Structures are given as C-alpha cells and as structure tokens.
Amino acid sequence: MMFDDFQFSSILVSTIRNAPVLMFAAMAGLFAERSGVVDLALEGKMLAAAFVSAAVAFATQNPWFGILAGVGISAVIALLQGFVSITQKGNQLVAGIALNIALSGLTFVLAQFFFMQGGRTPDLGSARLFDIVLPGSDAVAGIPFLGWFYTKLIGGHSALVYLAFALIPLVNWVLYHSRFGLRLRAVGENPHAADAAGINVERTRFMAMLCAGVLCSFSGAYLSIVQSGFFLRDMSAGNGYLALTALVFGNWRPLQTALGCLMFGFFTALQVQIEGVVFPGLGKVPGSLIQMIPYVVTVVVLAGLMAKSVAPKAIGVPFVKSR
Amino acid sequence: MQAAVEFQHISKRFGAVQANRDVSFSIAPGSIHGIIGENGAGKSTLMSILYGYYRADGGQLLINGTPQQIRNSQEAIDLGIGMVHQHFMLVENMTVLDNVMLGSEGGFRLAAHRKQVEASLREICQRYSLDVDPLAKIQDLSVGIQQRVEILKQIYRSANILILDEPTAVLTVQETASLFAVLRLFKEQGKTIILITHKLQEILDITDEVTVMRAGTVVGSVQTTNTNKEQLAELMVGRPIETHLPRGPYAPGETVLDVKGLNLINAQQVSLLKDLNFNIRAGEIVAIAGVSGNGQSELLEVLSGMRLPSSGAVTMQGKPLPFAGRKDADGLPATFRELGIAHVPEDRLRDAVVKNFSVMMNSFLGYQKKLGKAFGLLDYKAILKTCNELLSKFDVRPADPHLRIALLSGGNQQKVVMAREMASEPKLMLVGQPTRGVDIGTIESLHARLLAMRDAGVAILLVSVELEEVRALADRILVMSGGCITGELKVEEFDATRIGLLMGGLHKH
Amino acid sequence: ADPKFAVIYDAGGKFDKSFNQSASEGAERFKKETKIGFMEVQVASDTQTEQVLRNLARKNVDLIAAIGFGQAQAVQNIAKEFPKTKFVLIDGVAAGNNVSSVLFKEQEGSYLVGVAAALSSKSKKIGFIGGMDIPLIRNFSCGYTQGAKATDSKVEVIQNMVGTTTAAWNDPAKGGELARAQFERGVDVIFAAAGGSGMGTLQAVKEKGKLGIGVDSNQNYMHPGNMLTSMVKRVDQAIYDSFMQLKNGKWQGGTVYKGLKEGGVDWALDKDNRSVVSAEVEKRVNAAKQDIINGKIKVVDFRDANKCPI
Amino acid sequence: MNQADLPRWATAFALPLLNLLSALLVAAGVIYLLGESPVESLGILLNAAVFNPEGLGYTLFYAATFIFTGLSVSIAMQAGLFNIGSEGQMYLGGLGLTLVLLAFDASLPAWLLIPLAIAGSAIFGAAWAFLPGYLQAKRGSHVVVTTIMFNFIAASLMNYIIVSFLIPAGEQNTASRVFADSAWLPKLNGMLPVLGETPLNISFIMALLALVIYGVAVWRTTWGYQLRATGLNQHAAHYAGISISKTIIIAMMISGALAGLASVNSVMGSTHYLGLNFPAGAGFIGIAVALMGRQHPIGILLSSILFGALIQGGFDLSLEKPNIPTETFIFIQGLIILFCGAMENLYAPAISALLKRKEK
Ligand SMILES: Nc1ncnc2c1ncn2[C@@H]1O[C@H](COP(=O)(O)OP(=O)(O)OP(=O)(O)O)[C@@H](O)[C@H]1O
Ligand SMILES: Nc1ncnc2c1ncn2[C@@H]1O[C@H](COP(=O)(O)OP(=O)(O)OP(=O)(O)O)[C@@H](O)[C@H]1O
Ligand SMILES: [Mg+2]
Ligand SMILES: [Mg+2]
C-alpha cells in the first residue's frame, strides 16, 4: 500500500466509514433547522431508530425491514416533536432534550423487556447489512493505489454509506432548487413573510420534520445494523450533538455541513491512528489527551478560521401570527 | 355599482381590547380608499381580517358582492387580494426573484419557471418604471426599494384589491411620489386600493374616499374632495389639532456639540460619513434632512457612542468625546449618557426598548446605573413612582406601568422612549425619526415637547425624513447626501425644492 | 433459616457480558445448587452504592457481594457501620474484618492470551482495545503485551481506548471502528477489554475474518471460528465460593489475590475455538501457564507502580 | 388561545399539575405494560422518595446538586446563552476543590479548609466556562457548540489527570485518595436526626442560599437588569450602554462557577474523593431543571426536588420491582420535561373553555 508509513490510507477509509452516522443526522438536522425548528432531538431519534431497526431486523432476519421500521419510528417521533414545537408552540430546546432523555430510557426498557439482555438486542448475525463489493474488485485489488482506492476507499462499504454520500447533492438540490426547499428556507428565515405569501408555515415545518425523521433514522440504522450488529443502550454516544455541531460549522448548508461531518470523521480516524504513536520530543501522548483532538479542532476552527456562522433567523421561535 | 369590498358589522376582540366594533363600510371598485385613525384605532386589525390573518368574531365580508370566508392568506390571495404590510414581508437573505416566486412557484422544480418569472419581472419593472434588480438580495436593498419589491409581488400576482398598511411611513418624499404614481396606474387599470396612512396630506393627494376610525369603530366616511386636513384631523382625534405650535425666539447659547472632520468607514471599506463639520448650540434644534440611508443613522450612532468613528474630532462642551483608544463601542453609550447626551433612536423596537420588559422596566433603560443603590439593588418603589409620573405627563395610553411594552402601540412606545430620554435632563438630545408611524395627535404632543426642551436651552439634533417635521421644528437645517453635508439653511429660508435638490446630492456653494 | 445474600452490580449492569455478568452467573449457580435465593441491584453512582449497602445491611442480609472497584469506599464505610454484615468486594480493597476483598491477577491471564495472539498472528501485529484508560484496563493490556513480546519480541502491539466517559463501555460502533482501523494497520488478532463496546470489536473481527479475544467471561461462543480465546476472570467462581463458605460457616475476611494458580484467571479453550487453536499454540500457552504458576515467569502487575515494563 | 387569557392560579398551578399528571399517566401505561401495578408502584415511589424521612433526605441530597446545575444553566439563559457545558464545568469544579483538599487537608482546620475548597470548585468551574464565554463574546462562536465540545474535552482531560496523577499507587479505584475528615461537609442529620443516615449536608443550605441570591441578583439589581436586557435584546442593551461582551463573559463565568459548586455536594458531602465521571449527568439534568423551572428560583427548587425524588424513588422502586428497571425513570424524567416544559399550553384551551362556560 502506498501510504503505509503514515497509515494515511487507513485514515481515509476510516473517515468514510465514520462520516455517515453524522452525515445522516446532520442532514436531518438541516431540514428541521432550516425550517426554523431547532432539532436537539437528533440523538433520541437516532437511538430509537437504532433500536427498532435492530429489533425488527433480528425478528425478521432481514436488515431492510429493520431499516424500514426504523424510518417509521423516527418519523413518528419527529412528528411528535413537531406537534410539541410547532402545533403546541412549546420550547423547542426543551422538547428536544426531553425526547432525548425519554428515548434513552425507553429504548433500554423495551430492549430489556423484549430481549432480556440488559438493554441489548441479540446479535443480528446474517441479518446485518452486507458490504458492497464493487464489480471487478478482484481484478484491480493487486494494483498499487488503484486497488486500494477502488476496493477499499470507494468500494467495500454498505449501501447506507453510498446513500449518505448520495444525499449531499440531493439535499442541496432540494434545498436550493425545489419549491419545497424555497418554502422551507423562507419559513425558517421569516415565517411571517412566508405566511403572507400564502404558505402554510406549520405544514411546511411538519414536512421538514418528516424529512428530518426519515434521514435521522438511517443514522440510527447505520449504528446498529451496519457498524455494530446489535443495539446497545445509549449507543448514539453523543453523535447527535456532534452532528448539530457539524451543522453550525457548515453554516446550515448541505455541502459545508457534509464537509464538517467528514472533518469529524477524519479527526476521529486520525486520533485512532496516532494513539500510542511516539512523537519526537513529546514521547507517547496519553490516549485520553489524544481523544480530545476532534473537539479541540472544532473549537479552534469555530473560533478562528471560520467566518461567523449565521443561523436561520426564525430558528427556535414558534410561529405566532402576530408581532 | 357593486362594492369591491364590503365590511358588514365586523367585530374583533383581543382579550380585553375591542379592536374592531361593528365596523361597516364599503369600498368602490377602481377607487383609492384611505383609512385613517389614531394608533390602535383598529385599522391594521381590520385589514388583517380582510387578508385572512384573523377571523372576525362577528360580521361578514363581501368581496365583489359575494360573502366570503377568508381563513388564511392563501384564500385571500386566491380572491385577488394583495397586502403590503407595514413591516415588510420579505425574506431578507433571498433574492427579489425568489421572494416574488415564493408561494407561486409554478411547479416543484424552481428552474423550470425561474427564467420566465424573471423576464416577466423585468417587464413589469419597465412598465411601471420600478427600478429593481430581480437578482439582488433583499438585505442589500434600501427600504424604498424593498417597498417596490412588495409592490412587484402584488403586481406579479395580479392582485385586484391591494391593501397598503402605512406604506409611506419609511419612504422619502420622492419615493412616496413614485409609489403614488404606481398606485394611480393601478387605479387606471381598475384595481381597488386601500391605503392606511397617518399623513393627511397623502390622503388628500391620492384618495377618492376616506374612512376615519376611532377606538375600533368607524366614525365617518367622506369623499376626499369634500374635506380638508383640519376636518379629518378633528374627526380622527376628536378635537381640533394645533398646526402651529408656539416656540420662543431663536436665541442660541454656547456651543454644546462641535463636530470636526468626522469620518466613518465600514468594514467593507465603504465611506459612510465624509468629513462632517457642524455644531449645535444650546437652545436650538438642528435638523438633518435627507433621504434615509445617506448616513444619518450612522451619524446618530456615532454621536450616541454606539459606534466608533474612523477619524475626526467631536467635542462636547469643549471636551473631546472619549472615542480615543477604544477597539469597539461596547459599553460606550453609558459614558456618553453621563456626559449629558440623550438619544431617541430611529428604530425604537430594535434599539430603544426591550419588548419583553414591562413599560416600567423600559422606563429607565440606559439609566439603570444611576438607579442602583447599595449592592446595586434597584429601588422599584421609586422607579414605579417616577414611571407613573412620566406616563401621566406624556399621556401614555394605557398608563399601566406593568404592561409588556410590546403591547403598546408604536406611538405610545415612542412616548415612553421620549419621556425617558427627556427625563434624564440632557444637554444634548439626539432624536431620530421621532414620529415614524405615529398618529397626528401624538405627533402634535411630541413636537410640543421637543420645542419646550429647546426653549429650556437643550441642544437638539433631529434626524427626520419628513420635511413637514423638519420645517415645524428646526432652527437650522443641514441636508445630508451620500454621507456628506450638502447644504445648510435657516428655517426662514425653508424651500422644499432647494432641499430636495440638496438631498439629491447637488451642491450649491 | 437460610442466610440472605445480595449482589450489587456496578454501572455496567448485570448483562455487561463482562465481570458483572460473571458475578451474576456465580450467584445463579449457587442458587441452583442450594436453592437459596439472592437479591440483586444495580447502582448508578458512588452515592447510591452506600445507600444500597446500608439498606441491605439493615434488612439483615448476611453477605453482600459488591462488584467493581467503584464500590470499595462505600463497602469500607458500611462495613464499619454494620460489623455483623459480611461483604465480598470484587476488584477492590476495603478494610474491615467483615470484608473479603477479591483481586484478580488479570495480568497473568492476559499474558496467556498475549502468547496465543503472538503465535497466531500472521502479520505479527496484534491489537488491544480497551474501554477506558484506567489502571484496571491498562493492567489487561500490560499483561497482554508482556506475553506477546516474551513470545516474539518483533510482535507489535497496537492499542486503542474507546473513550473517556462511561459511554466508552457502551459504544460498540466505536469499538468496531477501532477494530477496523487496526485491521487496516495490519493487525489480525484483537483482544477486546471494553465491555459492551467490545461486542462491536468482536463483531468487526468476525466480519473481516480475523481473530478476536474475549474478556472476563468465556466469550468464545459469540463468534465460533473467529474467537482465538477468551481471557476469563472467574468472578463467578469467587462469588460462588464466597456464598458457599458463608453457608458452610467457613467464611473469612481479608484480601485474596486470584491468579492462574488460584484459578482466578485463565484462558478458555472449548469446542468453539478448538479449530482455531493449533496444537503448537495450545502447548506453548499451557507451558507459559505452568511457568507462571510455578513462578518461573513473573508477570508484572501494572498497578504496582502504575507502569508497564514494556 | 394562550395562557395570557387565563387567571394566575390556572397558569401557575393547574396547568403544571395537569401536565405532570399526564406525564405520569403515560408512565403508568408503560409500567402496566411491564407487568406491574402502576398504583402500587407510585405508592412505593412516593414512600421511598418523600414520606420516608431518610428517603426524603436522599431526595434533597440529589436536589442540592441539581439546584446548582439548574442555576448554572439558568443564569446563562438569562443572558441569552444556552450553556450545555455545566457537566464539564462541574467536573472541573470537582478538580478545583480536590486540588485544594489534597494540598491542605492535613494542615488547615475545617473552618478554613472547607471554604477554600468551595472557592476552588467555583474558580475552576468559572475558568472552564471562561473560554466558551470569551469566544462567544469576541468571536461569535456559538456557545452551544463550544460548550458541547468543552464537555468532551473536560472528560478527556479529567480522565488523564485522575488516571495519571490522582490515583494513589496500588489503588484500583479510579479516584483520588479519600480526603481527611476535616474536609467532610457537616451533615444535616446532626441537626435533624430523623433524616437518618443520608449524605444530605450543608450544601443543601448553600443551594437554598444560592437560589435566594440568584433571585435577588437577577430581578432586583442593576446587574441583573443588564443581564436580562442583554439576553432579551442585544441591540437595546448596547444602546443602553451595557457592555455586551463583558456581560456575556461574566454570565458564563458565573454559570461555570455555579456548576463548579454543584460538585461540592457529591464530592465533599458524600464520596469524599474525586471519582471518574462523578457528575454522572447532573449537568444535563441542570438543563432540564432550568427549562422546567422557567429559570425562576422557586421553579428551579421544585423541579430539582422532583428530579431528586425521581432518582431516589425510582431507584428504590426498581429494587422492589425487578421488572421495572431504573431506566424506566429516565424515560419518565423525559416525559415530565416534555409535558411540563414544552407543552405547557396543552390544557390551556380546555381550561379556558371551561371557565367561559362557567361565566355564562
Ligand atoms: N394580536 C393582537 N393581540 C391582542 N390585541 C391586539 C392584537 N392586535 C391588535 N390588538 C389590539 O387591537 C387594537 C387595534 O390594533 P390595530 O393594530 O388594528 O391598530 P391600528 O389602527 O392599526 O394602529 P396603528 O395606527 O398604530 O397601526 C390595539 O389597540 C390593540 O390593543
Ligand atoms: N401580539 C400582540 N398582543 C397584543 N397587542 C398587540 C399585539 N401586536 C400588536 N398589538 C397591538 O396592536 C396595536 C398596533 O400595533 P402596531 O405595532 O401596529 O403599532 P403601530 O403604532 O403601528 O406601531 P409601528 O408603526 O411602530 O409598528 C398596538 O396597540 C399593540 O398594542
Ligand atoms: Mg397598524
Ligand atoms: Mg402602525
């Protein structure tokens, strides 16, 4: 392999594998937040989808049914979140945090109730999503660089990885080039203007929540039926919050947000690789300090290099028809 | 002839407030119909009912003779009703084109229609002589142009009944004139226009008929040709309005503020204020006239300490204002207040009040440091007493110090702000657009107070786009254009044409 | 009447597929054999531990098993308060005549699986994935490294920790990802001492057809064919023994260290990994085991000086 | 229809009560599905958390921590800042007091040692909140994001410090050594023996005091006025001569100091050593407490007690009913926050209609 010394190749591959969890969630958050609803409940939706996907995939022994069920539950939760934040005009931050807490408890309780394994679902075994081997992989596998590039970097991932990357241009198109996207942005920026233009603000926001629910479910499914092969309590492990960070980092734009997710993926991968490496002058840097890298980088980037990111103006504010 | 719009016994109540009470009148098709009334008289509420924002509690609406239930704006739009709101309803970070398309996109894929819409926009701009770039972002446009975009939207949607709620409150004379030109064109095409304004001259200039509202009810509808300002004003307020306010002789004292070579360049390297030189003396009102967006707002910000100038010397009673050695203006306005500079900002909702505070809590905003006792504790008893005095002195209605200030009408909010700033007994008073969106009764009383201050020896800097107001208050008039002072004249030399030319940037030295 | 027993699991919980679970298995075995039941609880914080211990002591439970070093201080406090109640503490030391502290020489078992790993690795790169960077886990990794290096000094050990919060024990995705990253660096055998996160690691091992090493209880059954072995830590036995002793009136306080010799730790060889472990490996590992038991090999305990010799 | 139309008793009591009942109803459904009797469970829960004095002691013990973290989140919210970082600030606060105690617990008398340690926790908490505050004020970096990041960084940093420096040689527990007796906070059961053996200590009194100070500072002082003005309208605050960046930085530091103080209760009042991950989510519960208590001292007090009771009662209940895992109470906490914190108007239309009918 070409970059053997730096293990750089491995970092890139690992980045690709790490990013989808964040990417799905961040795109989900993008829909919600661009419509003016703060989505602090990504974590909860992810967890619920991870559990339901794993449980159904196990019960049916078919990962696709699992994913489908995950989509369903996550969408239902998103709509509930919508009911609270949009219809009831409740505090969106509270709603998000409340759902996260409730779902963290509920998924455990249900997993325990159904499977009696300490809030874990049984191993999916063959009901996991398989990795796709690109055609002709065997032929090129031996070629330096190209072999690695084709079989490892762009090949050999599960369908959800490809979906995650395909989502970037798709979301970009929907947001900037479709009627739905135009209305969505208007509703998140100035709902009064949208309302005056005859747009149903609440319905548009519900649609956005639905998109958020569906996209977020893939994130959960990726965790449980691609990466782990089972559900475990609290397995979202803060990824929902990281996705939100990527969203802020990306200024609520699909391409930049995806870039933010890849950055997180990259630094996580990097951190894995340099754990235990002896640095000249420093010696072995303790693993716990190396674990900080992605977070420190984020703070530095947000503080220094990045222009101020500008949130959608109406974010977090329930729409009430008078000033 | 069948009425384009007919209100029949419309009533609407908000909590304890009866915003509309048994309102009945009709609007002839192809006419321009004015609605006037004091702040809070119920004009906007009535229009909101017509546009589907609110449901009336009782009564009936007839559009072109047919009773209609209008439940939301979409249904209003479907009936050919368009509304230009007092606060613009535009998405600021989108282009004019996107704003126009919003709600009538013509299909899921935007690109499919964009070109078409753009072409028809350009065509409309030409036809109505509205100079707007369809691809410009709203946030880059001046208020006057934004107003045009609102009109464009309505033309594009071919609204037949057009409601305009105080469209001229933020417009200059020229912009108002061009708006009215468009409105006349509309009328020629047989469209019906409803115009709400606080400016009686505009009513006389353009409307065919005018309805006067007071406290939620209609107090009369008259043909414009059969009436005059005085009669309308009296109908509105319920008492005669004084047009010529008494003022003492012009006897300026010492120089209070002296501005020399003031420059302001923003982060994008645009020069906003260019080499300003002027002074203000005790006991005089210096007015700055000009089209808005020519540096007046920035000048007020600099003089009140909200923004640092790039260069120049400003002295207050002989001492330089403490700009030197600062990186930003964070906290600076406090120092300026201590020096005796009071400030009534142009944008009161944004700068001058905290909407979610009560009237009382707003009654000392900016002066909170003065009120702190031991441990910085606030003495609410004393504050309440002072606040009640202010409310009654300035006739704020309702005079409830515990009401959230957002629930006061704009005019009454303005009274609170003015009262607060005057109560600080300043040496220099900076006043920006004091009567924007305020009804004539209130204008009268605010003007009287400013003049009384002047007579008491306070130096006053007034920024206003209303030439009427400038004429009524100023001793000296400075005209600003493009960040420069393009001319100065005494009030005796007041000449609207000449000022207009100076505002256009034509020097006459 | 029958004596009363109770088990208190730490935050990992009864089903952690690790030492808590092992403890519960020991208690279950005791229950099955003696028909004497026991109470069980899981605590979430150190404050709760004390509360629960006191509650149980008040209910006149005779022997309370506290699992995990986090409970040490609480056990010490309550043991003082209730001198008649007996306690068995796993993985920690608490003072008191009525406390039996059971410590395991994880380094010895880890040494054995390190030997097995070094012998079974083709790439001569082996991996270790721990849950959190704490001395206990470092002791696993230190023993593992000692075993591997003693077998083949050229073997490279790559080590990663899942995280720094308690979430690190419950992040199988990260556990799996770390494994995949190690594979890409050439690792082909991984020892996972990471609780629930280790499930992800072993899953990844199976997926990529590499070899994994389980921890605490015998995890060979999880992925037969891909499990080289498991480093078993017989918490179950310790609990079972302690319960039995009490029942038979032979219970004693004090601190015991359980290594290979005492049967406290071991490597697991059963039908699930039979096919993976060659005769050569089996011979070498068992030889090392003998050497440790008879003192020929001294495996350094990381915790003695908070330092690993290698 | 909104709350403004309703009388005060309805908005202050009836609505929250109805919401709480709704949350409990949903919870009862879940408990029923788990195969236990909701009524009996509620009885056990209430008894364990409220009626039994020792249980009440534990409830209040947990509440003391939540009051501080709740105040921490609340004060930042008053300045318009959403501080998610109380967890990390509390963690660092624990380090601050530990360093003081490790250095001086042998040499200083309790009356000097304890205040010094408490100051240490506040200073470390404040220092950890300074950077996010500074970055928000001067560089416009979202405090929400930076504080989330700082939580992660704190976890790593503390792990490094505890594991590398604080664990006494040969010890298993990932914790500092146990402090000398002089550093143990006086317990309240000395004064109120009925509380039994609970770790409830004087930091509960401190918490009540903090609530009062918070209430006075925010609503009765110039400083609080400036703080709230900044939180509600930055433009107006600037106009009013308030230094926005100073206000933001100070608010964040006070928020951090309060979070730091939250560590005093559990570290000096209960465990008497600094353990790994000792905050155990108290910082996040602080967010819930602040939101549910509407940043009002009484609200914060009541919701802290509610959460304390849930933890205490839930724990006992799951002891008695193995079918109901403790996690059920995490779910119930979430439900309560959802119903009471985000759906406060759920029953407003119904009550309003009821009142109207009566009027007629
Ligand atoms: N959304 C609302 N909620 C409660 N009360 C309202 C609301 N809107 C208007 N009101 C009340 O109705 C009355 C009429 O308000 P409206 O906005 O119609 O006045 P207006 O005539 O447009 O005043 P202005 O000249 O200031 O624009 C006000 O006095 C106010 O108290
Ligand atoms: N949400 C609301 N609740 C109660 N009253 C309201 C509300 N919104 C507006 N009002 C009332 O409507 C009336 C008119 O409001 P509006 O903002 O139109 O005032 P205004 O005089 O037109 O001020 P401006 O021209 O500066 O906007 C005010 O009396 C205000 O009390
Ligand atoms: Mg109005
Ligand atoms: Mg108005």
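Note that the structure is predicted; figures quoted are calculated from it, not measured.

Observations concerning the environment of G70 of chain C
At step 1: When you line up the elements, G70 of chain C lands in the loop between β3 (63–67) and α3 (72–81).
At step 2: As a C-alpha pair, G70 of chain C and N98 of chain C span 28 residues in sequence and 18 Å in three-dimensional space.
At step 3: Apart from the residues within four sequence positions on either side, G70 of chain C is in contact with D46 of chain C together with N173 and Y273 of chain D.

What about the sheet that holds strand β18 (residues 459–464) of chain B?
All names here are of chain B.
At step 1: In space, the 6 strands of this open sheet follow the order β16-β17-β18-β13-β19-β20, with mixed pairing throughout. Only two strands of the sheet have a single neighbouring strand rather than two, namely β16 (341–344) and β20 (484–490). When strand polarity is set aside, the average angle formed by the axes of neighbouring strands in this sheet is 20°.
At step 2: Sheet analysis places strand β19 (residues 476–481) next to β20, joined by 6 bridges and oriented antiparallel. Among the inter-strand pairings, L478 is bridged to a residue of β20, identified as E488.

Side note on the nonpolar core
At step 1: Membership of the largest hydrophobic core comes to 344 residues, with the highest contact counts inside it found for M429 of chain B together with F243 of chain C.
At step 2: For this core, the element with the highest residue contribution is helix α1 (residues 8–34) of chain A, accounting for 14 residues.
At step 3: Residue-level mapping places this core at the junction of two domains, with at least three residues from each of domain 2 (252–340 + 427–509) and domain 3 (350–425) of chain B.
At step 4: In this structure M429 of chain B touches A342, V344, M418, E421, M422, M453, V458, A459, I460 and L461 of chain B, once residues within four positions along its chain are discounted.
At step 5: Judged by nonpolar contacts, the second largest core, of 77 residues, contains V187, A196 and A197 of chain A together with I194 of chain B.

Details of the pairing of strand β3 (residues 32–37) of chain B
Residues and elements named next belong to chain B.
At step 1: β3 sits mainly inside the fold: 6 of its 6 residues count as buried.
At step 2: Here β3 shows no split at all, with I32, G34 and I36 on one side and H33, I35 and G37 on the other all buried.
At step 3: Note: β3 against strand β8 (residues 192–196), 4 bridges, orientation parallel. Counterpart to I32 in the pairing with β8 is I193.
At step 4: Sheet analysis places β3 next to strand β9 (residues 209–214), joined by 5 bridges and oriented parallel. By the bridge assignment for β9, G34 is matched with V210.

Focus: the site of ligand 1
At step 1: Near ligand 1 lie 16 residues; those nearest to it are G40, G42, K43, S44 and T45 of chain B.
At step 2: Around ligand 1, the nearby residues trace back to chains A and B.
At step 3: Measuring from an oxygen atom of ligand 1, one finds a side-chain N or O atom of E166 of chain B at 3.2 Å.
At step 4: Protein contact buries 73% of the 620 Å² of open area that ligand 1 shows by itself.
At step 5: At the level of elements, β2 (17–27) and α1 (43–50) of chain B are the ones that each hand at least two residues to the shell around ligand 1.
At step 6: Looking at which element gives the most residues to the shell around ligand 1, the answer is α1 of chain B, with 3 residues.
At step 7: Among the residues forming the shell around ligand 1, the class breakdown is 5 nonpolar, 8 polar and 3 charged.

Details of the interface of chain C and chain A
At step 1: With 30 residues of chain C at the interface, the matching set in chain A holds 34 residues.
At step 2: Roughly 2,700 Å² of surface becomes buried between chain C and chain A when both sides are summed, with 46% attributable to carbon and sulfur atoms.
At step 3: Three residues stand out in chain C for area buried against chain A, namely F15, E184 and R185 of chain C, and they jointly supply 24% of the buried area on that side.
At step 4: At the surface where chain C touches chain A, the tally comes to 3 salt bridges.
At step 5: A salt bridge links E177 of chain C to R17 of chain A, with the nearest nitrogen and oxygen atoms 3.0 Å apart.
At step 6: At the junction of chain C and chain A, the tally comes to 8 residue pairs in polar contact (both at pLDDT 80 or more).
At step 7: Secondary structure elements with two or more residues in the side of chain C that touches chain A: β7 (156–163), α6 (172–184) and α7 (195–207) of chain C.
At step 8: In terms of residue count, the dominant contributor to the side of chain C that touches chain A is α6 of chain C (8 residues).
At step 9: Of the residues contributing to the side of chain C that touches chain A, the split by class is 10 nonpolar, 10 polar and 10 charged.

Some words on the interface of chain D and chain A
The parts lose accessible area when they come together, and the size of an interface is often stated as this lost area.
At step 1: At the interface, 35 residues of chain D touch 41 residues of chain A.
At step 2: Together, the buried faces of chain D and chain A total about 3,500 Å²; carbon and sulfur atoms form 80% of this surface.
At step 3: The interface formed by chain D and chain A includes 1 salt bridge.
At step 4: Among the salt bridges present, the one from E327 of chain D reaches R233 of chain A, with a minimum N-O distance of 2.7 Å.
At step 5: Where chain D meets chain A, there are 4 residue pairs in polar contact (both at pLDDT 80 or more).
At step 6: Those elements giving two or more residues to the side of chain D that touches chain A turn out to be α5 (110–139), α6 (143–166), α11 (282–292) and α13 (327–342) of chain D.

Some thoughts on the pattern of salt bridges
At step 1: Counted by the stated rule, this structure contains 55 salt bridges over all chains.
At step 2: Of the charged contacts in the structure, one is a salt bridge between D91 of chain C and K233 of chain C, with a shortest N-O distance of 2.9 Å. Remark: K233 of chain C occurs in strand β10 (residues 227–233) and D91 of chain C occurs in the loop between β4 (86–90) and β5 (99–104); sequence separation between them is 142 residues. Across this residue pair, the class does not change: D91 of chain C and K233 of chain C are buried.
At step 3: Through salt bridges with shared partners, one network takes in R17 and R128 of chain A together with E177, R180, E184 and E207 of chain C.

Details of the packing of aromatic side chains
At step 1: As enumerated under the stated definition, the model contains 30 aromatic pairs over all chains in all.
At step 2: Ring geometry for F128 of chain C against F191 of chain C: centres 5.5 Å apart, planes inclined by 80°, an arrangement best described as edge-to-face. Linking F128 of chain C in strand β6 (residues 125–132) with F191 of chain C in strand β8 (residues 189–193), this pair joins segments that are 63 residues apart in sequence. Of the two residues examined, F128 of chain C and F191 of chain C, each falls in the buried class.
At step 3: Within the aromatic cluster, the residues linked to one another by ring pairs are F58, F113, F114 and F115 of chain A.

Structural notes on the packing of helix α2 (residues 46–58) of chain C against α3 of chain C
Residue and element names in this part refer to chain C.
At step 1: In the contact formed by α2 and α3, the axes pass within 9 Å of each other and the chain directions differ by 30°. Considering their axes alone, α2 and α3 lie roughly parallel with respect to each other. Considering how the two elements wind past one another, α2 and α3 form a crossing that is right-handed. On α3, the residues that touch T49, E50, L53, R54 and A57 of α2 are A74, V75, N77, I78 and E81.
At step 2: For the contact of α2 with α3, the class distribution of residues is 5 nonpolar, 2 polar and 3 charged.

Describing the confidence of the model for chain D
At step 1: Across chain D, the average pLDDT comes to 91, with 98% of residues at 70 or higher.
At step 2: Predicted complex, confidence summary: ipTM 0.87, pTM 0.89.

Parameters and conventions
Residue positions are given per chain, counting from 1 as you read along its sequence in written order. Going through the entries in the order they are written, you letter the chains from A and number the ligands from 1. Under the rules for a predicted model, residues below a pLDDT of 70 receive no local features and side-chain atom pairs below 80 are neither given nor counted, while totals for whole chains, interfaces and linings still include all residues. Side-chain descriptors were evaluated using all non-hydrogen atoms of the structure, hydrogens and water having been removed beforehand. Strands are runs of DSSP state E lasting at least 2 residues, helices are runs of H or I lasting at least 4, and numbering of each runs from the N terminus. Contacts are assigned to residue pairs with any non-hydrogen atoms lying within 4.5 Å of each other. A pair of strands is considered paired only if DSSP assigns at least 2 bridges between the two. Structural elements are reduced to axes, namely lines fitted to C-alpha atoms, with helices fitted over the stretch in contact, and the angle between N-to-C directions of any two is expressed from 0 to 180 degrees. As used in this record, nonpolar core signifies buried Ala, Val, Leu, Ile, Met, Phe, Trp, Tyr and Cys residues forming a set joined through side-chain atoms within 4.5 Å. Here's how the labels work: a residue is buried when its accessible area is under 20% of the maximum for its type, exposed when over 50%, partly exposed in between, all with a 1.4 Å probe on protein chains only. The split into domains, and so the bounds of each, comes from an automatic or database assignment of domains. Here, proximity means that at least one heavy atom of the residue falls within 4 Å of the molecule or strand. Side-chain atoms alone can form a polar contact between residues adjacent in sequence; in general such a contact is a pair of N or O atoms within 3.5 Å, and within protein one must be able to donate a hydrogen while the other accepts it. Residue burial considers only the protein chains on display, and all accessible areas are found by Shrake-Rupley using a 1.4 Å probe. Charged means Asp, Glu, Lys or Arg here, nonpolar means Ala, Val, Leu, Ile, Met, Phe, Trp, Tyr, Cys or Pro, and polar covers whatever is left, Gly included. Here the quantity called buried area is the accessible surface, traced with a 1.4 Å probe, that two parts lose on coming together, added over both. Salt bridges are defined by distance alone: a side-chain nitrogen of Lys or Arg within 4 Å of a carboxyl oxygen of Asp or Glu. Pairing of aromatic side chains here covers Phe, Tyr and the six-membered ring of Trp, requires ring centres within 6.5 Å, and sorts the geometry by plane angle: under 30 degrees stacked, over 60 edge-to-face, intermediate tilted. What sets the label is the angle itself: under 35 degrees gives roughly parallel, over 145 gives roughly antiparallel, 65 to 115 gives roughly perpendicular, and the rest give oblique. In this scheme, a crossing is called left-handed if the near helix is turned counterclockwise away from the far one by less than a right angle; it is called right-handed if the turn is clockwise. The pLDDT value tells you how sure the predictor is about a given residue, anywhere from 0 up to 100.

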